[in-house]
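Listed below are the residues making up each chain.
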Amino acid sequence: MTEAEIRQEYEILDRAKRDSKHFGILYEKYFDRIFNFIYRQTDDEDLTADLCSQTFLNALNNLNRFEFRGLPLSAWFYRIAANEVNKHYRKKKTDRVFSLEEIRIKELMDQGNEGWDEDLIKQLLVYFKELPTDMLEVLELRFFEDKDFKEIAFILDITESGAKMRTYRALDRLRKQFNLSIKYDGKK
Amino acid sequence: MARNDIRLRRQRMTTGNIARHRNYGDIMERHERDQKWKRMFKVFIYFLIAAFLTIILIIVLRWEQRENKDLNANTKKAIELASPPMLS
């Protein structure tokens, strides 16, 4: 996202502060992304719809508290959504769900002509299951939502170096365990 | 360490599926309701502050009145004690 686009979004946000009807533009723009982000962490459509509405409602109710930090506005929505998901799991005390799209995993793992079989997928799922939640959160934002480390740090309320460290650790383990090459930052 | 349930989805959510859950009107309605509650809460808090200040003011005024009364009574007593007894 370019700086001009970010500025443009903030202008919309400023208008929305004066008249909440302008918030509709941002809602339309980000609804799908936030929905997918939450859905990946719940695997339940109705629950996702509830948490998603709550996310946008919280954003709308707290427009005046928002501070410009040079990040795209979407990061703020993701942060609220992540908080809503955490709140939900704290309340329900159930296992946290990560529902990953098979197609996206295949895109990320550069398999070339080698076999991409069911066994490998099963092993990957076991590997992901063993990862701590904070690492999975970072991986989801980095590889499924294409967020940069600055945004990830803001969304998860951690430091940028912390986000990097978690990602690289997870990737190193993945590379060693599966002997896979992963499309990442132009490196393999 | 928290337990995670990792699932694999064959299909991506389609835009059509997601669109079923879009309801901006509902969000605006809930927002307006929230704002109304917020305003009512604010008015209630202002009312409480005003009531508290009024009560404090009344207490201070009454205390002052009582102090004045006591002072007057003491002064009167002091004058009476200081003046020589009337000889008849």
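Being a predicted model, the structure only gives us computed values, none of them experimental. (Residues numbered from 1 in each chain as written. Chains lettered and ligands numbered in written order. Predicted model: local features only at pLDDT ≥ 70, side-chain atom pairs only at ≥ 80, totals over all residues. Heavy atoms only, no water.)

Turning next to the UniProt feature "transmembrane region" (unreviewed entry) in chain B. Under the feature "transmembrane region" (unreviewed entry), the UniProt entry names residues 43-63 of chain B. In this annotation, residues 43-63 of chain B is assigned 100% helix and 0% strand; the end-to-end C-alpha distance for the span is 30 Å. (UniProt positions renumbered as here; feature names shortened; annotations may be inferred. Helix = DSSP H or I, 4+ residues; strand = E, 2+ residues; numbered from the N terminus.)

The next thing to look at is the side chain of A:Asp32. Looking at the secondary structure, you find A:Asp32 in helix α2 (residues 23-39). Residue classification places A:Asp32 among the buried residues on the basis of a relative accessible area of 18%. Those residues in contact with A:Asp32, other than ones at most four positions away along the chain, are B:Thr15, B:Ile18 and B:Arg22. (Buried < 20%, exposed > 50% of the residue type's maximum accessible area, 1.4 Å probe, protein only. Contact = heavy atoms within 4.5 Å.)

A separate point is the pairing of strand β1 (residues 96-101) of chain A. Of all 6 residues that make up β1(A), 6 are buried, and the element is covered over most of its length. In terms of strand pairing, β1(A) meets strand β1 (residues 4-9) of chain B through 6 bridges, oriented parallel. Note that in β1(B) the partner of A:Val97 across the bridge is B:Asp5. (Pairing = 2+ DSSP bridges.)

All names here are of chain B. On the surface, Phe 41, Phe 44, Ile 45, Tyr 46, Phe 47, Leu 48, Ile 49, Phe 52, Leu 53, Ile 56 and Val 60 cluster together into a nonpolar patch covering about 1,100 Å² of accessible area. Inspection of the secondary structure assignment puts Leu 53 in helix α2 (residues 24-82). Overall, Leu 53 belongs to the exposed group, its relative accessible area being 53%. (Patch = residues over 30% accessible without salt bridge, like charges linked within 9 Å, V, L, I, M, F, W, Y side chains within 5 Å. Areas by Shrake-Rupley, 256 points an atom, 1.4 Å probe, with all protein chains shown as cover. Salt bridge = Lys/Arg side-chain N within 4 Å of Asp/Glu carboxyl O.)

For the rest of this paragraph, the subject is the environment of A:Leu131. Secondary-structure assignment places A:Leu131 in the loop between α6 (118-130) and α7 (133-144). Linking A:Leu131 and A:Ala163, residues 32 residues apart in sequence, is a C-alpha distance of 15 Å. Discounting chain neighbours no more than four positions away, the residues touching A:Leu131 are A:Leu136, A:Leu139, A:Ala170, A:Arg173 and B:Asn4.

A separate point is the packing of aromatic side chains. All names here are of chain A. The full count for this structure, using the stated rule, is 17 aromatic pairs over all chains. With a centroid separation of 5.2 Å and an interplanar angle of 50°, the aromatic rings of Tyr 27 and Phe 31 are classed as tilted. On the criterion of helical spacing, the pair formed by Tyr 27 and Phe 31 is a turn pair, its members being 4 residues apart in helix α2. On the basis of relative accessible area, Tyr 27 is assigned to the buried category, the value being 1%. The class of Phe 31 is buried, set by a relative accessible area of 0%. Looking at Arg 79, its charged tip hangs above the ring of Phe 154, at a distance of 4.7 Å from the centre. Stacked on the ring of Phe 149, the Lys or Arg Arg 142 has its end atom at 5.0 Å from the ring centre. (Phe/Tyr/Trp six-rings, centres within 6.5 Å; stacked < 30°, edge-to-face > 60°. Lys NZ or Arg CZ within 6 Å of the ring centre and 35° of its normal.)

Quick look at the interface of chain B and chain A now. Contacts between the two partners involve 27 residues from chain B and, on the opposite side, 45 residues from chain A. Between chain B and chain A lies a buried interface of about 3,500 Å² when both sides are counted; carbon and sulfur atoms form 52% of it. When the buried surface of chain B facing chain A is broken down by residue, B:Asn4, B:Ile6 and B:Arg9 rank first, second and third, together holding 21% of it. Along the contact surface separating chain B from chain A lie 6 salt bridges. Its salt-bridge partner being B:Arg22, residue A:Glu28 comes within 2.5 Å of it at the nearest N-O pair. The interface formed by chain B and chain A contains 22 residue pairs in polar contact (both at pLDDT 80 or more). Of all elements in the fold, only β1, α1 (15-19) and α2 of chain B reach the threshold of two or more residues within the side of chain B that touches chain A. Counting residues per element, the side of chain B that touches chain A draws most heavily on α2(B), which supplies 8 residues. Classifying every residue of the side of chain B that touches chain A gives 9 nonpolar, 7 polar and 11 charged. (Buried area = accessible area lost by both parts, 1.4 Å probe. Polar contact = N/O pair within 3.5 Å; in protein donor to acceptor, adjacent residues only side chain to side chain. Nonpolar A, V, L, I, M, F, W, Y, C, P; charged D, E, K, R; others polar.)

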